[in-house]
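Close look at the chain arrangement
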Amino acid sequence: MPTPDAVEVRRSRRRTRTVTAWREGGVTVVSIPARFTRAQEREWVDRMLGRLAVQDERRRPSDAALLRRATELSREYLEGRAVPASVSWSSRQGKRWGSCTTVDRTIRISDRLQGMPRWVLDYVLMHELAHLLRPGHDGSFWALVDRYPHTARARGFLDGYAYARGHGEAGPDDDGAWDVDEDAMPVPDEATDGVLFDMGTARRPSLGGRRA
């Protein structure tokens, strides 16, 4: 995460009605219209940094937030029958993107998924929740996973990345933990890698109440 001081403001004469912010290495870049005053620049930098912070929190949830989300998914798609004792990020997943141990009902999610699209993370959570009910990868297991409406999309996303990277398949762990049997990590969704505000869709007092 960049520090609040690691901000680069780029003024563009071609940009007239939008402000965009994104991460670029260790710097947060905020692109604004060239006509902005210094006061408007400060206002919109603060506004966009706030939007990025909200996005970061949503796409990099804490362990507690992971457990809450898993509970929500279980309640919505599995009648609440899959009840994990804990859900946590793990840096020891190897090529696995999620695993669970049915004995103690613990779920671990690879921290390489942090920052990935929400629907991909939800799919991995659903996959592990289903393993709490069905330990193998039989038809009954996939019937549970397929209740999540974005399963096919998420699997296609992972499969496409796997093809590009040429990673091998992961398998079940020796300690009885079952992994997500996808081949590789998804790439960030570039459409949501930053935040954009279209000033043409809203009126702002600092812009004189006019559409830019």
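The text that follows walks through the structure, step by step, so that each part is easy to find. Only a predicted model underlies this, so the values are computations on that prediction, with no experimental measurement involved.

Criteria and thresholds
- Residues numbered from 1 in each chain as written.
- Predicted model: local features only at pLDDT ≥ 70, side-chain atom pairs only at ≥ 80, totals over all residues.
- Heavy atoms only, no water.
- Helix = DSSP H or I, 4+ residues; strand = E, 2+ residues; numbered from the N terminus.
- Buried < 20%, exposed > 50% of the residue type's maximum accessible area, 1.4 Å probe, protein only.
- Contact = heavy atoms within 4.5 Å.
- Core = buried A, V, L, I, M, F, W, Y, C linked by side-chain atoms within 4.5 Å.
- Phe/Tyr/Trp six-rings, centres within 6.5 Å; stacked < 30°, edge-to-face > 60°.
- Lys NZ or Arg CZ within 6 Å of the ring centre and 35° of its normal.

Side note on the overall build of the protein
Along the protein, the regular secondary structure elements total five helices and eight strands. For the protein, the succession of helices and strands along the chain, N to C, is β-β-β-α-α-β-β-β-α-α-α-β-β. When each of the 212 residues of the protein is scored for burial, the buried share is 43%. Sequence-distant contacts in the protein: of pairs separated by 6 or more residues, those separated by 24 or more amount to 57%.

Examining the nonpolar core
If you look at the biggest cluster of nonpolar residues, it comprises 30 residues, and the most contacted ones within it are Ile-109, Leu-113 and Leu-129. Within the residue set of this core, elements represented by two or more residues are α2 (63-77), β4 (86-90), β6 (106-110), α3 (118-133) and α4 (139-145). Residue contributions to this core peak at 10 residues, all from α3. Membership of the second largest hydrophobic core comes to nine residues, among which are Val-19, Trp-44, Val-45 and Met-48.

Quick look at the packing of aromatic side chains
Tallying each qualifying case throughout the model produces three aromatic pairs. Ring geometry for Phe-36 against Trp-44: centres 6.4 Å apart, planes inclined by 35°, an arrangement best described as tilted. The two residues Phe-36 and Trp-44 agree in class, both being buried. Plain terms: the ring middles of Phe-141 and Trp-142 are 5.0 Å apart, the flat faces sit at 80° to each other, and that makes the pair edge-to-face. We classify Phe-141 as buried; its relative accessible area is 0%. Accessibility expressed as a relative area gives 18% for Trp-142, which makes it buried. Sitting above the plane of the Trp-44 ring, Arg-47 keeps its charged end 4.6 Å from the centroid. Over the ring of Trp-119 we find Arg-153, and its NZ or CZ is 3.7 Å from the ring centre.

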